[in-house]
Amino acid sequence: MALPPPLLPRSSCISRSVTHGTPHKSVKTIPDARTASSATAEHSLLRAHARAGRMQPARQVFEAMLPLDRSLVAWTAIMSGYATHGPASEALVLFLRMMDWSLRPDGFVFSVVLRACAAVGSLRFGRQIHCAAAKMGYVGSDLFVTNGLLTMYASCQSLSCAEKVFNGIAVPDLVSWTSMLSGYTENGCHMEALMLFLEMAHASIGCDAFSLSVALRAASSLANRSLGHQLHCCIIKSGFSKSGFLENCLIEFYGRSTELHLMQKVFDSMDDKDLVSSNTIIQCYAANMCDEQALSHFRAMMFEGSECDEFTLGSILHVVTRIGAIHYGMEIHGYLIRAGLDSDKHVMSALMDMYVNSATLHKIQCMVPLRMLRYYLLVQGKLDQFILASSLRLCASDLDLAAGRMLHAYILKLNMNADPFVTSSLVDMYAKCGSLEESHLLFSTTRDPGAMEIHGNSIRNGYGTNASVVQNLIRFYLRQGQFQHALNLCLSLSNHEISWGALVKAFCSR
């Protein structure tokens, strides 16, 4: 049998084909704080650091200033840096410090603090800022502040307040419309977003690329192909047909709508294909189970020396896992080690899934995931729920109850036992390893109905059609008032195995 073609070129250049998560930020053009003797130089230095996202040196410059030299501009610069680059909570702390100095905030300060409230999701603090801004006359008169309020309320999932703010704007600008549109889609109110977009069009408000992208996302979420096609026509008529941002949105829309020929047509017509374009089309092909097309695009990326990041590798590893092509997966594993992406949690989780699935399929033991787990723990110092779930799947596959119990102890130590994803994996591991008592104990702590169904299925998968196990599950569901789950399980048993009297009695007692 002929060997499959290699997925990666032998001469792939890692240094120029991988985009790292945190780009290096040069500090050569920034003067040293010790040479900045005047207040003007200190302000310039502070703004330069804050705009570039170098918050530690920016904070050092700010704290080194004389209190009287910390003007409103200086406070705004440092708070804006934290609101943009994080941690946003520091912007709120600094705002309270500024108020202690009896400095009167202006519209720029309020907009920055509102952006920080939106980032941390602090509705209570945001409402206090709203009151302060209203008392000082900025609400209604300053559209910059009003739009900040709108975004803050939408980000804090208070759509009713966001709507009140929007309806109170006498003449909303494009930012106001787009903020409200984005707020609806972020909170899952896609129909309301489309209705607002139509209202915006009837008001003859000129759309920009972002507002059109939000409308496309709403149409995609509602599976409204017709409206998506109309929006595509609108994009062309508005002169945005060559906007890379909107072309990527169109690829995603057609991919989610399963119109893959149109998706490919948009991709082929792009003048400048970037990493986002390639990632989007690979993800869409993978989501539509078109594994060969996804692999073809990935192979073309690699042989062209195009950029590649953790999202590309995560998507293609899921494809490789699904088709069982572990030879491709091992090539990718070697590539991402050389690229320095082997400590990324999403890539690591996808890799472990691939090795675990391969070991399960071929009924062999595989030590690679355990070595990966030790390495990841050494580098990161902590495991997340996805890595833990993959590790528990390996324990279930190898029937390694001892390793599973050690992972369970680690989970309890990290206080991650409330995570439904982790709990489901634990229930499945104990069930498949033959520990009915521990599996039932975890199952009995579950309160969420959806999670109950998942955990119950895990126990049943571990014990097949064992009538006593299923009857125990039925009784547990009845105690929790989950009658539909109990009836569904009854259908899996024959008539002589069901205790109908106990079942009827349980129903009557509820």
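Residues numbered from 1 in each chain as written. Predicted model: local features only at pLDDT ≥ 70, side-chain atom pairs only at ≥ 80, totals over all residues. Heavy atoms only, no water.

**Some details on helix 12 (residues 209-221)**
Link 1 in the chain: Relative to the 18 Å expected for 13 residues at 1.5 Å per residue, helix 12 spans 18 Å between its end C-alpha atoms, a close match to the ideal helical length.
Link 2 in the chain: When you tally the buried positions in helix 12, you get ten out of 13 residues, the bulk of the element.
Link 3 in the chain: Within the sequence span of helix 12, burial applies to A209, S211, L212, S213, V214, A215, L216, A218, A219 and S220.
Link 4 in the chain: Turning to helix 12, the residues buried within the fold contact helix 10 (174-186), helix 11 (190-202), helix 13 (225-237) and helix 14 (244-256).
Link 5 in the chain: Trailing helix 12 by a residue or two, A223 shows a phi angle of about 55°, which is positive. (Helix = DSSP H or I, 4+ residues; strand = E, 2+ residues; numbered from the N terminus. Expected span 1.5 Å × (residues − 1). Buried < 20%, exposed > 50% of the residue type's maximum accessible area, 1.4 Å probe, protein only. Contact = heavy atoms within 4.5 Å.)

**Thoughts on the packing of helix 8 (residues 143-155) against helix 9 (residues 159-167)**
How two helices sit against one another is set out by the angle between their axes and by the gap between those axes.
Link 1 in the chain: Running from N to C, helix 8 and helix 9 cross one another at 160°; their axes reach a closest spacing of 7 Å. Put simply, helix 8 runs roughly antiparallel to helix 9. Between helix 8 and helix 9 the crossing geometry is left-handed. Touching T146, L149, L150, Y153 and A154 of helix 8 are L159, C161, A162, V165 and F166, all from helix 9.
Link 2 in the chain: Broken down by class, the residue content of the contact of helix 8 with helix 9 amounts to nine nonpolar, one polar and no charged. (Axes fitted to C-alpha atoms, helices over the stretch in contact; angles between N-to-C directions. Parallel < 35°, antiparallel > 145°, perpendicular 65-115°, else oblique. Left-handed = near helix turned anticlockwise from the far one by under 90°. Nonpolar A, V, L, I, M, F, W, Y, C, P; charged D, E, K, R; others polar.)

**Here we look at the nonpolar core**
Link 1 in the chain: Counting 128 residues, the largest nonpolar core has L46, I78, M79, F95, V113, L313 and M429 as the members making the most contacts within it.
Link 2 in the chain: When residues of this core are assigned to their parent elements, the largest contribution, eight residues, is made by helix 6 (residues 107-120).
Link 3 in the chain: Filtering out sequence-adjacent residues up to four positions away, F95 remains in contact with M79, P105, V109, F110, V113, F125 and I129. (Core = buried A, V, L, I, M, F, W, Y, C linked by side-chain atoms within 4.5 Å.)

**Remarks on the pattern of salt bridges**
Link 1 in the chain: According to the stated counting rule, one finds nine salt bridges in the structure shown.
Link 2 in the chain: K432 serves as the salt-bridge partner of D428, at 3.5 Å between the closest nitrogen and oxygen. Of this pair, D428 and K432 both sit in helix 24 (residues 420-432), separated by four residues, roughly a single helical turn.
Link 3 in the chain: By relative accessible area, D428 is classed as buried at 13%.
Link 4 in the chain: A cluster of three or more residues bridged by salt bridges with shared partners is formed by R59, E63, R70, E90 and R97. (Salt bridge = Lys/Arg side-chain N within 4 Å of Asp/Glu carboxyl O.)

**Considering the packing of aromatic side chains**
Link 1 in the chain: For the structure shown, the criterion picks out five aromatic pairs.
Link 2 in the chain: Here F166 and W177 contribute two aromatic rings whose centre-to-centre distance is 5.2 Å and whose plane-to-plane angle is 75°, an arrangement assigned as edge-to-face. With F166 in helix 9 and W177 in helix 10, this pair connects stretches of sequence that are eleven residues apart.
Link 3 in the chain: Residue classification places F166 among the buried positions, given a relative accessible area of 8%.
Link 4 in the chain: Overall, the relative accessible area of 6% leaves W177 in the buried class.
Link 5 in the chain: Sitting above the plane of the F62 ring, R70 keeps its charged end 5.0 Å from the centroid.
Link 6 in the chain: Here the basic side chain of K273 rests over the ring of F267, its NZ or CZ set 5.2 Å away from the ring centre. (Phe/Tyr/Trp six-rings, centres within 6.5 Å; stacked < 30°, edge-to-face > 60°. Lys NZ or Arg CZ within 6 Å of the ring centre and 35° of its normal.)

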